[in-house]
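Fold and geometry: a report
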Amino acid sequence: MSLYLVGLGPGGGADMTRRARETLERCTILAGYTTYIELIRADYPQKELLVTPMRREEERCRRALEAAQTADVAMVCSGDPGVYGMAGLCLELAPEYPPVEIEVVPGVTAATGGAAVLGAPLTHDFAVISLSDLMTPMELILRRVEAAAAVDFVLCLYNPASRARTDHLRRACDEILRHRGPETHCGWVRNAGRAGQEHRLLTLAQLREERVDMLTTVFVGSSQTRVVNGRLVTPRGYLQR
Ligand code: SAH
């Protein structure tokens, strides 16, 4: 039997791929974190559900792998399961659960789903960094942010805040401000592709003071990023040739 790690896209709705939808239809058990199961449960009322709360990632993966020994199981993740998702952990644990096969079904990640809302901020090189220090020391996160800013990457920041730590984004902005001006164009998108989607364009100086939450992805422009007709754009350079 197989465990499918299925990316739902940012909202689980129109942005879900056909392959993701077909995989959910084929599986008999749907597993995942409560919020993501809620995004899809109404569409699949007949499926068995394996719902686990946040944080207990290892338990969630082990339960899905155990279930996949006798049934086809889809473990759902928002966005792409391989981008700060459960794909890595499931593949690490899989050797303990023979003969389960694992298939990763990719999805639209928050970086590209959010970028589309703002315009085209990722048309040139960009770095994706999570500001969550649950698994990575904050010092290393801030060094990566500074290094990316130093070589003029656009930055796309996942997990910009949590309930417990509200100063991560401000500290990241301080690292970026070592290399980039306070007028640098930035933006954030909250609940991309979901009900209540919101976004804002702002400067780096304003971003430093902004309160965002864990449902938000933050974009910091490079020195080339501009606002054109209210949309955030990082030119690829076609008009400058
Ligand atoms: N696997 C997911 C990322 C999980 S990490 C993906 O590929 O998108 C969780 C972080 O993703 C959140 O803190 C937020 O920064 C971002 N995120 C996920 N869904 C989002 C959405 N619908 N809108 C904005 N940001 C989102």
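Residues numbered from 1 in each chain as written. Predicted model: local features only at pLDDT ≥ 70, side-chain atom pairs only at ≥ 80, totals over all residues. Heavy atoms only, no water.

Quick look at the layout of surface pockets now. Reported here for the second largest pocket is a volume of approximately 180 Å³. Around the second largest pocket, the lining residues are His124, Asp125, Val151, Asp152, Phe153, Val154, Ser222, Gln224, Arg226, Thr234, Pro235 and Gln240. Classifying every residue of the lining of the second largest pocket gives four nonpolar, five polar and three charged. (1 Å grid on protein atoms, 1.4 Å probe; cavity = no way out; pocket = protein on both sides within 12 Å on 5 of 7 lines; lining within 4 Å. Points joined across faces, edges and corners; volume = space filled by probe spheres on them. Nonpolar A, V, L, I, M, F, W, Y, C, P; charged D, E, K, R; others polar.)

Our next topic: the domain arrangement of the protein. Domain annotation for the protein reports domain 1 (2–105) and domain 2 (110–233). Between the C-alpha centres of domain 1 and domain 2 there is a distance of 28 Å. Counting residues at the interface gives ten residues for domain 1 and ten residues for domain 2. Summing both sides of the interface, domain 1 and domain 2 together bury roughly 760 Å²; the carbon and sulfur share of this comes to 64%. The three residues of domain 1 that bury the most area against domain 2 are Pro10, Arg55 and Tyr84, which together make up 58% of that side's buried surface. Inspection of the domain 1/domain 2 interface yields zero salt bridges. (Domains from an automatic or database assignment. Contact = heavy atoms within 4.5 Å. Buried area = accessible area lost by both parts, 1.4 Å probe. Salt bridge = Lys/Arg side-chain N within 4 Å of Asp/Glu carboxyl O.)

In this section: the pattern of salt bridges. Per the stated rule, a full pass over the model turns up 18 salt bridges. We note a salt bridge from Glu58 to Arg62, for which the minimum N-O separation is 2.8 Å. Within this pair, Glu58 and its partner Arg62 are both found in helix α3 (residues 57–67), separated by four residues, close to a single helical turn. Among the residues examined, Glu58 registers a relative accessible area of 43% and is labelled partly exposed. Classification of Arg62 as partly exposed rests on a relative accessible area of 22%. Taken together, the shared-partner salt bridges in this structure form one network comprising Asp133, Arg165, Asp167, Arg170, Asp174, Arg208 and Glu209. (Helix = DSSP H or I, 4+ residues; strand = E, 2+ residues; numbered from the N terminus. Buried < 20%, exposed > 50% of the residue type's maximum accessible area, 1.4 Å probe, protein only.)

This part is about the site of the ligand. Around the ligand, 19 residues are found, and the nearest of them are Val83, Thr109, Met214, Thr216 and Thr217. Between the ligand and Ser78, the relevant distance is 2.9 Å, taken from a nitrogen atom to a main-chain nitrogen or oxygen of the residue. At a separation of 3.5 Å, a nitrogen atom of the ligand approaches a polar backbone atom of Asn191. Surface burial for the ligand is 93%, taken as the share of its 540 Å² of free accessible area covered by protein chains. Here the residues of the shell around the ligand sort into ten nonpolar, seven polar and two charged. Two domains share the shell around the ligand, each providing at least three of its residues, namely domain 1 (2–105) and domain 2 (110–233). (Near = heavy atom within 4 Å. Polar contact = N/O pair within 3.5 Å; in protein donor to acceptor, adjacent residues only side chain to side chain. Areas by Shrake-Rupley, 256 points an atom, 1.4 Å probe, with all protein chains shown as cover.)

Under the counting rule described, the total for this entry stands at two aromatic pairs. Plain terms: the ring middles of Tyr33 and Tyr36 are 5.0 Å apart, the flat faces sit at 90° to each other, and that makes the pair edge-to-face. Neither residue differs from the other here; Tyr33 and Tyr36 are each classed as buried. (Phe/Tyr/Trp six-rings, centres within 6.5 Å; stacked < 30°, edge-to-face > 60°.)

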